[in-house]
Amino acid sequence: MYRFQEIWGNASLVAQLRTAVAGGRTSHAYLFFGGEGAGKRLIANAFAKALQCTASRQGDCCDSCKGCLAFDHGNHPDVIYVRGEKKTLGVEEIREQILETVDLKPYQYARKIYIIEKADTMTVQAQNALLKTLEEPPAYALFLLLAQREELFLPTILSRVVTMKLSPLSEGLVAEYLQKHTALSAEESGLYAACAQGRIGQALALTEDESFRKMREDILDMLKALPSMTEADAYLLAKDLEGYKNDLRFLDIMELWYRDLLAAKSLRQEKYLIQKDRKDDIFHGATEPAAVLAKKANAVAEARKRLALNGNFRLTMEVMLMECKEKNQ
Ligand SMILES: [Zn+2]
């Protein structure tokens, strides 16, 4: 299930961890950064499993010893997943799940490994409580922190951990993975890979997400109709988009749409399109001048920036829709 050799992408980071396992030289704490579905859990699990493997070869697990089997069954006695039930990881959780047990030696294996999920949700008090242990950990203890945002950590925590930043994979590699590991066609794989921004986990989640499928249909229908709508009707669409206020993936869909229109315009061949299932709509929409299409794509990117700066959602949508509706420069 979890093996370094089965991980796609992040090759140098994985190689670094494999070298640490093979040489028996690891730090006491690692912090893995990456977006949702980027592979943080996968890499941390492969690392923990390889370290607990009793027959470890060349820095990867053997997949068949007692330790590996226990790990895959999710009942490894010396690998502890630290999780909170609330939105934040509080000092209570850190105390109960880590501090009260960290001084007890591992039951059966070389290391005692704590995998702290969503470590960036630790409160300041929780981080301070953990800090003492990170400063003087027992030799057998290893902490793997998984997080999305670096700025939420105290500098004192960051100075005690080895930081590992996961990079997004190329779209081509994600598509290749999907084709190999799912029942998706080459066309669908390309589409989901483009929507997942280089994250395999995210791509897999999207393929099973009905709400994403529905959102995509709705947004594409809207974009198709937009150029021939009256200004008043286009203006009103901003209200409909408010339903997506907490799910900005609709902007990804919009950007992909204009990307395909531009590809259709300049390259004129279906094979260059990502959304081949909508090829008729795309070639139809691609009748506008390239400069106009580029301007519309830019309007979506601008809207994303404004929202990131806490711009008013409705207003931002109105501005974007007016620019995307416009027929000429
Ligand atoms: Zn093993």
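Student: When you look at the environment of Tyr 235 in this model, what are you seeing that I'm missing?
Tutor: Looking at where Tyr 235 falls in the secondary structure, it is placed in helix α11 (residues 231-241). A relative accessible area of 41% places Tyr 235 in the partly exposed class. Along the sequence, Tyr 235 and Lys 325 sit 90 residues apart, while their C-alpha atoms lie 9.5 Å from each other. For Tyr 235, the residues in contact, after removing those within four places along its chain, are Glu 318 and Met 322.

Student: What's the story with the coordination of the zinc ion in this structure? I'm lost.
Tutor: For a metal with four tetrahedral donors the ideal donor-metal-donor angle is 109.5 degrees, while six octahedral donors give ideal angles of 90 or 180 degrees. Taken together, Cys 53 (SG), Cys 62 (SG), Cys 65 (SG) and Cys 68 (SG) make up the protein donors of the zinc ion, found 2.3 to 2.4 Å from the metal. Given 4 donor atoms and angles of 103 to 117° at the metal, the environment of the zinc ion is assigned as tetrahedral. Read N to C, the donor residues that coordinate the zinc ion are spaced as C-x8-C-x2-C-x2-C. The class for Cys 62 is buried, based on a relative accessible area of 14%. Take Cys 65: its relative accessible area is 11%, and that puts it in the buried class.

About the criteria used
- Residues numbered from 1 in each chain as written.
- Predicted model: local features only at pLDDT ≥ 70, side-chain atom pairs only at ≥ 80, totals over all residues.
- Heavy atoms only, no water.
- Helix = DSSP H or I, 4+ residues; strand = E, 2+ residues; numbered from the N terminus.
- Buried < 20%, exposed > 50% of the residue type's maximum accessible area, 1.4 Å probe, protein only.
- Contact = heavy atoms within 4.5 Å.
- Donors = N, O, S within 2.8 Å, 3.2 Å for Na, K, Ca; no water.
- Tetrahedral: all angles 85-135°; square planar, octahedral: opposite > 155°, others 65-115°.

Geometry only, nothing functional implied.
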